[in-house]
Amino acid sequence: MRLRLNKVLTDTENGDLNTGYPIDESERAAKRLRMNLRVNGLKSVEDVMFFDTDDEFADFVIHPYAIIDYDKGTYYGAYSDAYKKAIAEGKKFVIAKGSFKSRANKDGWVVKRVLLPESLGSNRKDVCVQLKVENVCNRWVE
């Protein structure tokens, strides 16, 4: 016997259509997590680092000071040690909130304003840097 779906009730009140038993929200979250891990080629949740926004992820990825090339008179951004360590360990990154608008998810880039070293003697305090990121899970379902 198959159950009919009552559109007025929530999924939990309708229950599982195959068994007829109510669906526990923690069970639903665990199934979604297992599905996300499998789709992204991961074995456990320890292989994933979660970030709420692009800005939080950029803070993790980009070193807080620009690197100055005195020979060329230019500056550039650098990856943080924590990001390099996570990449070396094979970690994947998930940007949760606004993931459909996330630049890291869509384009694979992070952008942040970083400080210029005071030794440069510039009247500018900060500059914008942009770095390419890898291992971002763009197929993660919330």
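Everything below is about the structure shown above.
On a predicted model such as this, the values are computed, not experimentally measured, just so you know. (Residues numbered from 1 in each chain as written. Predicted model: local features only at pLDDT ≥ 70, side-chain atom pairs only at ≥ 80, totals over all residues. Heavy atoms only, no water.)

## What to know about the side chain of Lys112
The condition is simple: To qualify as a helix, a DSSP run of H or I must reach at least 4 residues; to qualify as a strand, a run of E must reach at least 2; elements of each kind are numbered from the N terminus. Relative accessibility decides the category of a residue: with a 1.4 Å probe and only protein chains considered, values under 20% of the type maximum give buried, values over 50% give exposed, and everything between is partly exposed. For the purposes of these results, a polar contact is taken to be a pair of N or O atoms within 3.5 Å, where, inside protein, one atom must be able to donate a hydrogen and its partner to accept one; residues adjacent in sequence count only when each atom of the pair is a side-chain atom. A contact between two residues is defined here by any heavy atoms of the two lying within 4.5 Å.
Relative to the assigned elements, Lys112 resides in strand β5 (residues 109-115). Among the residues examined, Lys112 registers a relative accessible area of 19% and is labelled buried. There is a polar contact of 3.3 Å between the side chain of Lys112 and the side chain of Asp59. Sequence-distant contacts of Lys112, defined by excluding residues within four places in its chain, comprise Ala58, Asp59, Ile62, Val127, Cys128 and Val129.

## Observations regarding the nonpolar core
The condition that has to hold: What we call a nonpolar core is a set of buried Ala, Val, Leu, Ile, Met, Phe, Trp, Tyr and Cys residues that are connected through their side-chain atoms within 4.5 Å.
One finds Phe57, Phe60, Val61, Ile62, Phe93, Val110 and Val133 to be the most contacted residues of the largest nonpolar core, which totals 21 residues. At four residues, helix α3 (residues 54-61) tops the list of elements feeding residues into this core. With residues near it in sequence (within four places) discarded, Phe93 still touches Met49, Phe51, Phe57, Phe60, Tyr83, Ala86, Ile87, Glu134, Asn135, Val136 and Cys137. Within the second largest apolar cluster, five residues are counted, among which are Leu37, Val48, Val94 and Cys137.

## Focus: the packing of aromatic side chains
Let me state the cut-off plainly: Only Phe, Tyr and Trp rings take part, Trp by its six-membered ring, and two of them pair if their centres are within 6.5 Å. Stacked means planes under 30 degrees apart, edge-to-face means over 60, and tilted covers everything else.
A complete count under the given rule lists eight aromatic pairs for this structure. The interplanar angle of 45° and the centroid separation of 6.2 Å between the aromatic rings of Phe51 and Phe93 together place this pair among those described as tilted. With Phe51 in strand β1 (residues 48-51) and Phe93 in strand β4 (residues 92-95), this residue pair connects regions lying 42 residues apart in the sequence. The two residues Phe51 and Phe93 agree in class, both being buried. By way of ring pairs, the aromatic residues Phe51, Phe57, Phe60, Tyr79, Tyr83 and Phe93 are connected into one cluster.

## Quick word on α3
The condition is simple: Our arc is simply the arc of the directions from the helix axis toward the C-beta atoms.
Among the residues of α3, those classed as buried are Phe57, Ala58, Phe60 and Val61. Down the axis, α3 shows its buried residues gathered within 160° of arc, on one side only.

## What to know about the environment of Tyr83
As for its position among the elements, Tyr83 is in helix α4 (residues 81-88). Its relative accessible area of 4% is what places Tyr83 among the buried residues. Put simply, Tyr83 and Asp59 are 24 residues apart on the chain and 10.0 Å apart in space, counted from C-alpha to C-alpha. If sequence neighbours within four positions are ignored, Tyr83 has contacts with Phe60, Val61, Phe93, Lys132, Val133 and Glu134.

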